[in-house]
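Geometric and topological summary
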Amino acid sequence: MNPQAKLISTTSLLLGTSITISSNHWMTAWIGLEINTLAILPLISKTHHPRAIEASTKYFLTQATASTLLLFASMINAWFSGQWDITQLTHPMSCMLSTVAISIKLGLVPFHFWFPEVLQGSTMTTCLLLATIMKFPPITLFYLTSPSLNSTLLTSMAIASAALGGWMGLNQTQTRKVLAFSSIAHLGWMTIILNYDPNLTLITFYLYTMTTSAIFLILNTTNTLKLSTVMTTWTKIPPLTTIFMLTLLSLAGLPPLTGFLPKWLIIQELTKQELTATATAISLLSLLGLFFYLRLAYCATITLPPNFTNYMKQWQTNKPTNPLTTIFTSLSIMLLPLSPMVLTIS
């Protein structure tokens, strides 16, 4: 990809995200989302592979539909209330349409179909952007409109996302699809607490972004796309493979790693709200995700490839590790002792 084109796309991506998260008017938020969508399309389709073109087409159609719905919802709200302020979402139809539009943008169940396919057709770096920074503007809109949204609808979508994200990730052999369904399952955790403690949604998103970024950067460093090639990664950078296992377990939410913190806080808050059944359901559904994280960790660190494998052995290289990988993996593993500070903030 042309360096100038890449610079323009990256700058536009940051600009669109900044406009949306800092706006309090529906039109400026919508403009930011549109800039984001147009900026990421060249990055998805830059390989000129039919799969990449298909992914960019699917992404454009779903995001355009979501943006249209969001604009329609804001216009209905402005028509009835005279307010364009994002926090003043009062009309029931607008609340419903905006929930649907933001859910499509995020990839929440039942609007999740585009997300695994788009990730599968993109490069690892673009997948990282799609799974993290591209979800920040819609999460911010959810945060700002949270008092107006229907808690029953959000809880239903959250439970469905946690269930389907865990269930569909079980038999995947492509690492990008595994992480796509992992993202859908984590969105369920973020959505379930939105009505009761929106700050927890943001904390969960930040910690998820950090941990997922670490995993994508490790997979990009070792050039791993399939489960069968995960088995050969130990020959490249053995210490990184060990860190990869710990980061996966952190994403699964096992103590004493960082990923345990948001799940612990969410279950605690749901219990305080006397939603014990909901907390129990989403906790049990997280075990599905734990299985495929353990499967990835097992393949990466414990399993040796069979002698008749068709893949060439990839021995240790002098390829430097991205400094961001070190930072994100360290934070993904060792942030739990800071939980009292996070509790104070939230």
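What you are looking at is a predicted structure, and each value in this text was computed from that prediction instead of being measured.

Right, let's get into the nonpolar core. It is characteristic of soluble globular proteins that their nonpolar side chains tend to be buried jointly. Core analysis: the biggest nonpolar cluster contains 69 residues, and Ile40, Tyr59, Leu130, Leu141, Phe142 and Phe216 have the highest contact counts within it. Counting residues domain by domain, this core receives three or more from each of domain 1 (1-123) and domain 2 (150-345). Setting aside its immediate chain neighbours within four residues, Phe142 contacts Thr99, Ile102, Ser103, Leu106, Leu108, Leu149, Leu154 and Leu194. Membership of the second largest hydrophobic core comes to 19 residues, among which are Ala158, Ala162, Leu200 and Leu336.

A separate point is the domain arrangement of the protein chain. Domain boundaries assigned for the protein chain yield domain 1 (1-123) and domain 2 (150-345). Once you take the C-alpha centre of each, domain 1 and domain 2 turn out to be 24 Å apart. Counting residues at the interface gives 15 residues for domain 1, matched by 17 residues for domain 2. Summed over both partners, the interface of domain 1 with domain 2 comes to about 1,500 Å²; 73% of that surface belongs to carbon and sulfur atoms. When the buried surface of domain 1 facing domain 2 is broken down by residue, Leu108, Val109 and Gln120 rank first, second and third, together holding 39% of it. The tally of links between domain 1 and domain 2 comes to 1 salt bridge. Note that Lys177 and Glu117 form a salt bridge whose closest N and O atoms lie 3.3 Å from each other.

Further remarks concern the UniProt feature "transmembrane region" (unreviewed entry) in the protein chain. The positions that UniProt labels "transmembrane region" (unreviewed entry) are, in the present scheme, residues 59-79, 91-115, 151-171, 178-196, 202-219, 240-261, 281-304 and 324-345. Counted over residues 151-171, helix gives 86% and strand 0%. Its end C-alpha atoms are 32 Å apart. Along residues 202-219 one finds 100% helix and 0% strand; the C-alpha atoms at either end are 26 Å apart.

It is the contact of helix H2 (residues 26-44) with helix H6 (residues 124-131), at a shortest axis distance of 10 Å, that shows an interaxial angle of 155°. With respect to their mutual orientation, H2 and H6 come out roughly antiparallel. Of the two possible hands of crossing, H2 and H6 adopt the one that is left-handed. Side by side, H2 and H6 meet where Ile40, Leu43 and Ile44 of the first sit next to Thr126, Leu129 and Leu130 of the second.

Scoring rules and cut-offs
- In this convention, every chain numbers its residues from 1, walking through the sequence in written order.
- With pLDDT at 70 or above as the cut-off, local features in this predicted model cover only qualifying residues; side-chain atom pairs require 80 or more to be listed or tallied, and sums for whole chains, interfaces and linings still use all residues.
- Note that the side-chain values use all heavy atoms of the structure and ignore hydrogens as well as water.
- Only buried residues count toward a nonpolar core. Its members are Ala, Val, Leu, Ile, Met, Phe, Trp, Tyr and Cys residues joined through side-chain atoms within 4.5 Å.
- Relative accessibility under 20% of the residue-type maximum defines a buried residue, over 50% an exposed one, and the middle range a partly exposed one, all with a 1.4 Å probe and only protein chains included.
- A domain assignment, automatic or from a database, supplies the domain bounds used here.
- Should any heavy atoms of two residues lie within 4.5 Å, those residues are considered in contact.
- Buried area is understood as the total, over both parts, of accessible area removed when two parts are fitted together, assessed with a 1.4 Å probe.
- Any carboxyl oxygen of Asp or Glu that lies within 4 Å of a side-chain nitrogen of Lys or Arg is treated as forming a salt bridge with it.
- UniProt positions are given in the numbering used here, feature names are shortened, and annotations may be inferred rather than shown by experiment.
- Strands here are runs of E lasting at least two residues and helices are runs of H or I lasting at least four, both read from the DSSP assignment and numbered beginning at the N terminus.
- To define axes, lines are fitted to C-alpha atoms, for helices over the stretch in contact only, and angles between the resulting N-to-C directions are given on a 0 to 180 degree scale.
- With respect to orientation, any angle under 35 degrees is reported as roughly parallel, any angle over 145 as roughly antiparallel, any angle of 65 to 115 as roughly perpendicular, and every other angle as oblique.
- Crossing handedness: left-handed means the near helix sits turned counterclockwise from the far one by under a right angle, and right-handed means the same turn made clockwise.

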